[in-house]
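Here is how the chains run, residue by residue.
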Amino acid sequence: IQFLIGPKTVEWSMRVKYVSANEYPELHQMISNLSAKAGLAKTPRIGISQLQIPNAFAFGRSKRDARVCVTKGILDLLDKEELQAVLGHEISHIKHHDVAVITMLSVVPMIMYMIYISFFWGGMFGRRRDTGAMIAIGLLALVIYFITNLLVMYASRIREYYADLGSTEVGNQPHHLATALYKLSLGSARVSRKTLKQAEGMKAFFLNDPSRAREEIQDLREIDLDMSGSIDQHELMMLQNKEIKLRKSDKLMELLSTHPNMVKRIKHLASLQK
């Protein structure tokens with residue numbers, strides 16, 4: 001349902017300020033180059049979010065309406081190659097109309113939820129003779145809501161994998177994106193819970209889910225064999241043939257999330273490493 005939020009709401013909630021090429025020339029150059037490589041006819045609008053959570057996001061209803069934004073926190077955290085890999089991911093979302101696709105899919109659970117509210121609670125407190133049928137329809141709509149909402153989140157997770165692939169297709173190395181994801185988890189884990197709550201309703205737009213960062217760090221550190229704070233090509237290659245076993249709690253968390261499990265996601269990046 002978060003994907004039904006309009007651009008103005010995203011801008012306000014994320015405290016986005018659009019910036020010129022004079023203000024952030026390197027950022028503009030990166031996004032312009034990546035947009036050209038991705039075949040976009042128009043470079044997205046570029047904004048800086050005032051949130052301290054290190055992350056990036058893309059939104060807009062179409063390619064012509066697209067915007068790519070980074071938070072202030074990410075600019076101090078990633079190097080040039082890592083930031084380009086992140087921006088390539090966001091450009092891929094725009095190229096493949098991901099926000100529009102997930103928005104359209106999200107309409108179904110939204111309608112089911114409205115039917116549930118109308119019929120179930122109308123039946124509970126109404127005085128009509130067919131209140132039993134109304135309650136039954138409302139409960140059925142609630143079940144369909146949960147099922148379709150799970151499917152929307154599954155589709156969102158699949159689109160994240162494709163956006164990671166899209167970043168490599170415009171020339172970024174998988175280990176740079178893997179390192180960026182690792183650093184974003186580390187950075188988000190240092191942010192206070194109060195700060196994280198500022199973006200609670202918008203985290204579906206982010207590159208990764210900052211609210212899960214504290215739980216992800218331990219698993220990610222096991223991939224970082226030399227404890228350097230990055231995931232290099234060798235470490236990513238080592239992961240290619242390693243079997244990933246998720247705890248039941250991790251599987252449940254992933255099922256209820258718009259983003260893939262981080263270790264599975266980096267395992268997917270390992271498969272793209274040449």
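Details of the structure are given in the entry above.
Residues numbered from 1 in each chain as written. Predicted model: local features only at pLDDT ≥ 70, side-chain atom pairs only at ≥ 80, totals over all residues. Heavy atoms only, no water.

**Examining the packing of helix α7 (residues 174-189) against helix α9 (residues 213-223)**
To be explicit about the condition: Axis definition: a line fitted to C-alpha atoms, limited for helices to the stretch in contact. Angles are taken between N-to-C directions and run from 0 to 180 degrees. Helix and strand assignments follow DSSP, with helices taken as H or I runs no shorter than four residues and strands as E runs no shorter than two, numbered in order from the N terminus. The scheme is simple: roughly parallel for angles under 35 degrees, roughly antiparallel for over 145, roughly perpendicular for 65 to 115, oblique for anything else. Note on convention: the crossing is left-handed when the near helix lies turned anticlockwise from the far helix by less than a right angle, right-handed when the turn is clockwise. In what follows, residue pairs with any heavy atoms lying within 4.5 Å of each other are defined as contacts. All residues other than Ala, Val, Leu, Ile, Met, Phe, Trp, Tyr, Cys, Pro, Asp, Glu, Lys and Arg, Gly among them, are scored as polar; the first ten of these are nonpolar and the last four charged.
The contact between α7 and α9 brings their axes to 8 Å, and the two run at 135°. Overall, the two elements α7 and α9 adopt an arrangement that is oblique. The handedness of the crossing between α7 and α9 comes out as left-handed. Counting all contacts with α7, which are made through Tyr182, Ser185, Leu186, Ser188 and Ala189, the residues of α9 involved are Ala213, Arg214, Glu216, Ile217, Leu220 and Arg221. Across the contact of α7 with α9, the residue classes break down as six nonpolar, two polar and three charged.

**A few points about the nonpolar core**
Selection rule: Nonpolar cores were defined as sets of buried Ala, Val, Leu, Ile, Met, Phe, Trp, Tyr and Cys residues, with membership established by side-chain atoms within 4.5 Å. When a residue's accessible area, from a 1.4 Å probe over protein chains only, is under 20% of the maximum for its type it is buried; when over 50% it is exposed; and in between it is partly exposed.
Ranked by internal contacts, the top residues of the largest apolar core, which has 45 residues, are Leu27, Val70, Val86, Leu87 and Ile266. With eight residues, the single largest contributor to this core is α7. In this view, Ile266 contacts Ala178, Leu220, Ile223, Ile231, Leu236 and Leu239; residues no more than four positions away in its chain are not counted. If you look at the next biggest cluster of nonpolar residues, it comprises 14 residues, including Met14, Val16, Cys69 and Ala199.

**Looking at the sheet that holds strand β4 (residues 67-71)**
Strands pair in a sheet through their backbones, by hydrogen bonds, and they do so in one of two ways: parallel or antiparallel. Convention followed: By definition, two strands form a pair when at least two bridges between them are found by DSSP.
A sheet is described by the order of its strands in space; here four strands give the open sequence β1-β2-β4-β3, paired in mixed fashion. Both edges of this open sheet fall to β1 (16-18) and β3 (56-59), since each of them pairs with a single strand only. Sheet twist, expressed as the mean angle between neighbouring strand axes with direction ignored, is 30°. Bridging between β1 and strand β2 (residues 45-49) involves three bridges; their strand directions are antiparallel. Across the sheet, residue Tyr18 finds its bridge partner in β2, namely Gly47. Running at roughly 135° to β2, helix α2 (residues 25-38) makes contact with β2 and β4 of the sheet. The sheet contacts of helix α4 (residues 80-95) involve β3 and β4, and relative to β4 the element is tilted by about 145°.

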